[in-house]
Amino acid sequence: MKAMLCKAFGPAETLVLEEVASPVPKKFEVLLDVHAAGVNFPDTLIIEGKYQFKPPFPFSPGGEAAGVVAAVGEKVSHVKPGDRVMALTGWGSFAEQVAVSADKVLPIPASLDFTAAAAFGMTYGTSMHALKQRANLQPGETLLVLGASGGVGLAAVEIGKAMGAKVIAAASSAEKLAVAKAAGADELINYNEENLRERLKQLTGDQGVDVIYDPVGGELFEQAFRSIAWNGRMLVVGFASGTIPSLPANLTLLKGASLVGVFWGAFAARQPQDNAANFQQLFQWHAEGKLKPLVSQTFPLANAADAINHLGQRKAVGKVVVQVR
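Residues numbered from 1 in each chain as written. Predicted model: local features only at pLDDT ≥ 70, side-chain atom pairs only at ≥ 80, totals over all residues. Heavy atoms only, no water.

Asks: So, the sheet that holds strand β8 (residues 142–146): which residues are in play, and what are the values?
Replies: Pairing is parallel across the open sheet formed by 6 strands, whose spatial order is β10-β9-β8-β11-β12-β13. Single-partner strands in this sheet number two, and they are β10 (187–190) and β13 (258–261). Between one strand axis and the next, the sheet turns by 20° as a mean value, whatever way the strands run. Pairing of strand β11 (residues 209–214) with strand β12 (residues 228–236) involves 5 bridges; the strand directions are parallel. Considered in β12, the bridge of D214 is made with V236. Helix α3 (residues 121–134) rests against β8, β11, β12 and β13 of the sheet, and its axis sits at about 150° to β11. The strands that helix α6 (residues 196–204) touches are β8, β9 (166–171), β10 and β11; relative to β10, the one it contacts most, it runs at about 165°. (Pairing = 2+ DSSP bridges. Helix = DSSP H or I, 4+ residues; strand = E, 2+ residues; numbered from the N terminus. Axes fitted to C-alpha atoms, helices over the stretch in contact; angles between N-to-C directions. Contact = heavy atoms within 4.5 Å.)

Okay, here's the thing in structure tokens:
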């Protein structure tokens, strides 16, 4: 099979496409014929040795995939060869086949094609866990989404609306905000042209926002927290800006607010039943037309490095997908 390999930590340009042996599934694993693989921010980090997991060389990046089950281990019973599935692989999806632990494989509902399914798991799984388990977002509350045109940001906009919140989308350009508006955002803030705190005062009647969803980090982190409502919750989702911010601890006291970490991968491993319930709700919302994964660009497997660079340079809106088959 063909696989895009990382043989030493470095930029995406150092990845090489090679013919390698197909993996053999162990007793609790599923062998997947990959049709499409989602590109996510961790892919930009894992190839440079900056992610919390460092796979042994050589490895393929790609943390999620969708395709058809080719074979299953002897202890796997919930899927069978020929089934359409999506999988959270951690790495390995930028290849024609990948072996993945069976507990990370979900059947794909009829409403999802392979490309959409490859763009669904990580972004919607993260945002659902963030807003449901971590923020306990309630109908009628106000949700601010930073980086609202990216994969997890757009998912948060859609899920926030499905949960009954008023959604304020913030992004760096009119083009990106138009995408967030189409996803259902009620209000828009261009933080390259407007003062974030002043605009939030106007939009909330000086009451602040109940929940802040931040996958970006950087300089807007503290500005956003200073605009939080009493009993507000700020979700630390990621650091796409490349800068991990710090926050004066007294602000949490003065605001009576919470700073809440979101680590969906650990949640899925520790609370698999809750994670499965989240996805059942997400699949239902998708079937009802409330969730519409946006794949803005696809790249063939041979150009997976370009896909990683496109995402890493924060040029993309929605999701980028590597089309393997």
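Asks: Now, about the pattern of salt bridges: what can you tell me, with residues and values included?
Replies: Scanning the entire structure with this criterion turns up 13 salt bridges. For R233, the salt bridge identified is with E141, shortest N-O distance 2.8 Å. Note that R233 is positioned in strand β12 and E141 in the loop between α3 and β8, a separation of 92 residues in sequence. Residues R233 and E141 agree in their burial class; the two are buried. A salt bridge links E194 to R199, with the nearest nitrogen and oxygen atoms 3.3 Å apart. What makes E194 partly exposed here is its relative accessible area of 31%. The exposure class assigned to R199 is partly exposed, which follows from its relative accessible area of 22%. (Salt bridge = Lys/Arg side-chain N within 4 Å of Asp/Glu carboxyl O. Buried < 20%, exposed > 50% of the residue type's maximum accessible area, 1.4 Å probe, protein only.)

In short, geometric facts, not functional conclusions.
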